[in-house]
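Topology and contacts: notes
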Amino acid sequence: MTIHYRVTGDVSFYDAVGEVLRNDGTVIFPTETVYGLGANGLSSNAVKKIFAAKGRPADNPLILHIAAREWLDRLTRDVPQRAMQFIETFWPGPLTLIFKRSAIVPDVVTAGLDTVAIRMPSDPVARAVIEAAGVPIAAPSANLSGKPSPTRAEHVLADMMGKVDVIVTDGDVEHGLESTVLDVSKEPYTLLRPGTITLEQLLKMAPDIAFDETLLKKSKLVQPRAPGMKYRHYAPNAEVYVIDRAHDALEIEKILDAERTRGKKVHYVDMAAEDLVGQLFAIFRNADAAGYDVVFVKSVATEGVGLAVMNRLLKAADYKIL
Ligand code: TXA
Ligand code: MG
């Protein structure tokens, strides 16, 4: 049975949530990026329940969420001096950093890797949940594996009711795309997943940051360095196509008409990158609910948050561009 708490004036439920987490239970909570499905990140037994609830492949490592800087030294072997600038600037916030892991981090969290992903969320509810637990919280996005990450309360309730011990909802999340992931465990530092903290912002601080080439291209030869990026995530059941923004309105109408003629129910999305950040995942989920067969999304420039939008969009489209 799942207990559902809504964040309202009364916040006395945090004690109960902390208790559930300390007893190896699972708790869904909002963060500023997407909803997360959390468990005690120092307990293998607890973390295994996350994989079971999501149906997530065990080779995909999890992010440890912390509310206090002290945990950083306990979870890592080496925090490079040069990496501290990212922490000073972007924590708490939507930046996940990858470090060499310490011995207290269970193997299930890192999928056996020698590194660990750590992030300090800024969302007050996320912070209160982590603080109530008193331990780092391992948490992937709270969707069923293969579905778009949940950005609204109704998404987690639809996916996860009955599959976890507690769901805490607080309406829509602030951003709507998962955190930026930057690997600082070895040189050159590498962007593994773009997010609302942009590559341009990071490059200003460290001009030599590398870019995982699989972020915008499918490659049979190169595996993404973030194991999770190899899965066809973020996808609705409807077929997704990216429409090159170089097309004019008439050309786009032709593309849509071709599908309509084949009897398909077609949805066309033409939005600014900044709006897609908050709405792309909800658009995908709504497309299925509305029974669309095909979703066309007009591409955006891969600059600023557009890089993160195009990364998620191309994956959902399996890199099909018209
Ligand atoms: O915004 C977010 O990051 C959300 C909220 C809940 O915090 N969480 C999230 O977690 O998106 P998840 O598990 O859906 O995505 C984590 C990504 C995956 O692509 C995973 O492969 C990668 O981070 N990752 C985790 N640990 C890693 C490691 N040690 N090395 C490389 N990639 C890692
Ligand atoms: Mg995910």
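Look up a bit, the structure's there.
Residues numbered from 1 in each chain as written. Chains lettered and ligands numbered in written order. Predicted model: local features only at pLDDT ≥ 70, side-chain atom pairs only at ≥ 80, totals over all residues. Heavy atoms only, no water.

A separate point is the packing of aromatic side chains. The final tally for this structure, using the stated rule, is 4 aromatic pairs. Considering the side-chain rings of F86 and Y189, the 6.2 Å spacing of their centres and the 65° angle between planes classify their relative orientation as edge-to-face. Taken together, the residues span a long stretch of sequence, with F86 in helix α4 (residues 84–90) and Y189 in the loop between β10 (180–183) and β11 (190–193) at a distance of 103 residues. Three or more aromatic residues joined by ring pairs make a cluster, and in this case those are Y5, F13 and Y14. One Lys or Arg, R74, reaches over the ring of W71 and ends 4.1 Å from the middle of that ring. The residue whose ring lies beneath K320 is Y241, and the NZ or CZ to ring-centre distance is 4.9 Å. (Phe/Tyr/Trp six-rings, centres within 6.5 Å; stacked < 30°, edge-to-face > 60°. Helix = DSSP H or I, 4+ residues; strand = E, 2+ residues; numbered from the N terminus. Lys NZ or Arg CZ within 6 Å of the ring centre and 35° of its normal.)

With that out of the way, let us pick up the nonpolar core. Within the largest apolar cluster, 48 residues are counted, with the highest numbers of intra-cluster contacts made by F86 and W91. Elements with a minimum of two residues in this core: β3 (36–40), α2 (44–54), α3 (70–75), α4, β6 (95–101), β7 (115–119), α7 (153–160) and α8 (199–205). Among the elements that make up this core, the one with the highest residue count is α2 (5 residues). Ignoring anything within four residues of it in the chain, the contact list for F86 reads W91, L95, L97, L182, V184, Y189, L202, M205, A206 and I209. Core analysis: the next-biggest nonpolar cluster, separate from the first, contains 25 residues, V269, V300, M310 and A316 among them. (Core = buried A, V, L, I, M, F, W, Y, C linked by side-chain atoms within 4.5 Å. Buried < 20%, exposed > 50% of the residue type's maximum accessible area, 1.4 Å probe, protein only. Contact = heavy atoms within 4.5 Å.)

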